[in-house]
Amino acid sequence: MTDILIVDDDDKILELIELYLANEGYTLHTAKDGEHALSQFARHPIDLIVLDVMMPNVDGIEVCKHIRKTSNVPILMLSAKAEDMDKIHGLMTGADDYMVKPFNPLELVVRVKALLRRAYPKPMSSSEDEIVVHNVAINKKTHTVKVDGQTIKLTSLEFGILHLLASHPGRVFSSEEIFELVWKEPGPASTKTVMVHISNLREKLESAMNGLSIIHTVWGVGYKIE
């Protein structure tokens, strides 16, 4: 079971989110202020939080800061503030995503699912010839990549990058390392070349995976799959 904590002082919004997330089969907990939210978080095994920013007493920003001291649970922040700096402030505080009110509840469901997939990925499996990441099957012997059984057309270099990263889950490869291992050439000036190929690879995978990204950028370091 997946436990989600919904925090909002507006009864109508709280009920709307409850309705849509209940339809997805999640176990729901609710709170109408920051203090109650922290109490609920301490009492239940929460897997994700939908957190309103503007609340009396303890606001969402303070709740997020407090939770981030001990937990990396995914947090989707909600706010009536649409300015870029408000979004940046929320994300810098520790939120994983940010939606502006009023919002489409169907979009909220999609974002909740995406955050859960990212935070709690299905375990990878592998054999001598095939590596499976989420619903992506990478077969070295046939040089094919399939998403839910559907073949994705990749160039040989894109396949090489994907297979390299998937073969070492969690390890970060620099652009230079990827260039040397996939292109089989020294890579002192290869950063842009690798970046373009990874961008194309991501676009193809995300298109087939409904926006889910399995290739992550570690800023200033490189790329990884986990």
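Quantities reported herein were computed from a predicted structural model and do not represent experimental measurements.

1. Digging into the pairing of strand β8 (residues 136-139)
Residues Val 136 and Ile 138 point to one face of β8 and Ala 137 and Asn 139 to the other, with burial holding for every one of them. As paired elements, strand β7 (residues 130-133) and β8 share 4 bridges and run antiparallel to each other. When the sheet's bridge partners are listed, Glu 130 is paired in β8 with Asn 139. Counted between consecutive antiparallel strands, the loop separating β7 from β8 contains 2 residues, among which His 134 sits at a positive phi close to 55°. Here β8 pairs with strand β9 (residues 144-147) via 4 bridges, running antiparallel. Each residue of the ladder has a partner; that of Ala 137, found in β9, is Lys 146. Counting the residues between successive antiparallel strands, the hairpin from β8 to β9 contains 4 residues, one of them, His 143, with a positive phi of roughly 55°.

2. Considering the packing of helix α7 (residues 175-183) against helix α8 (residues 191-208)
As a packed pair, α7 and α8 sit with axes 9 Å apart at the nearest point and diverge in direction by 75°. Of the possible angle classes, the one that applies to α7 and α8 is roughly perpendicular. On the side of α7, the interface is formed by Ser 175, Glu 176, Ile 178, Phe 179 and Trp 183, while α8 contributes Thr 191, Thr 193, Val 194, His 197 and Ile 198. Taken together, the residues that form the contact of α7 with α8 break down as 5 nonpolar, 4 polar and 1 charged.

3. Quick look at the packing of aromatic side chains
What the rule picks out here adds up to 1 aromatic pair. Each ring, one from Phe 179 and one from Trp 183, has its centre 5.0 Å from the other, and the planes form 15°; the classification is stacked. Of this pair, Phe 179 and Trp 183 both sit in helix α7, 4 residues apart, roughly one helical turn.

4. Regarding unusual backbone geometry
That bond from Lys 101 to Pro 102 is cis: its omega, -5°, falls within 30 degrees of zero. As for its position among the elements, Pro 102 is in the loop between β5 (97-100) and α5 (105-119). Here the phi dihedral of His 134 falls at roughly 55°; this positive angle occurs in a residue that is not glycine. Positionally, His 134 belongs in the loop between β7 and β8. For His 134, a relative accessible area of 17% translates into the label buried. In the Ramachandran plot, Asn 210 falls in the positive-phi region, its phi being about 55° despite a non-glycine side chain. One can find Asn 210 in the loop between α8 and β11 (215-218). What makes Asn 210 exposed here is its relative accessible area of 72%.

5. A closer look at the UniProt feature "modified residue: 4-aspartylphosphate" (unreviewed entry) in the protein
Within this numbering scheme, the UniProt entry marks Asp 52 as carrying the feature "modified residue: 4-aspartylphosphate" (unreviewed entry). Here Asp 52 is in contact with Val 7, Asp 8, Asp 9, Gly 60, Leu 78, Ser 79 and Lys 101, once residues within four sequence places are set aside.

Scoring rules and cut-offs
Residues numbered from 1 in each chain as written. Predicted model: local features only at pLDDT ≥ 70, side-chain atom pairs only at ≥ 80, totals over all residues. Heavy atoms only, no water. Buried < 20%, exposed > 50% of the residue type's maximum accessible area, 1.4 Å probe, protein only. Helix = DSSP H or I, 4+ residues; strand = E, 2+ residues; numbered from the N terminus. Pairing = 2+ DSSP bridges. Axes fitted to C-alpha atoms, helices over the stretch in contact; angles between N-to-C directions. Parallel < 35°, antiparallel > 145°, perpendicular 65-115°, else oblique. Contact = heavy atoms within 4.5 Å. Nonpolar A, V, L, I, M, F, W, Y, C, P; charged D, E, K, R; others polar. Phe/Tyr/Trp six-rings, centres within 6.5 Å; stacked < 30°, edge-to-face > 60°. UniProt positions renumbered as here; feature names shortened; annotations may be inferred.

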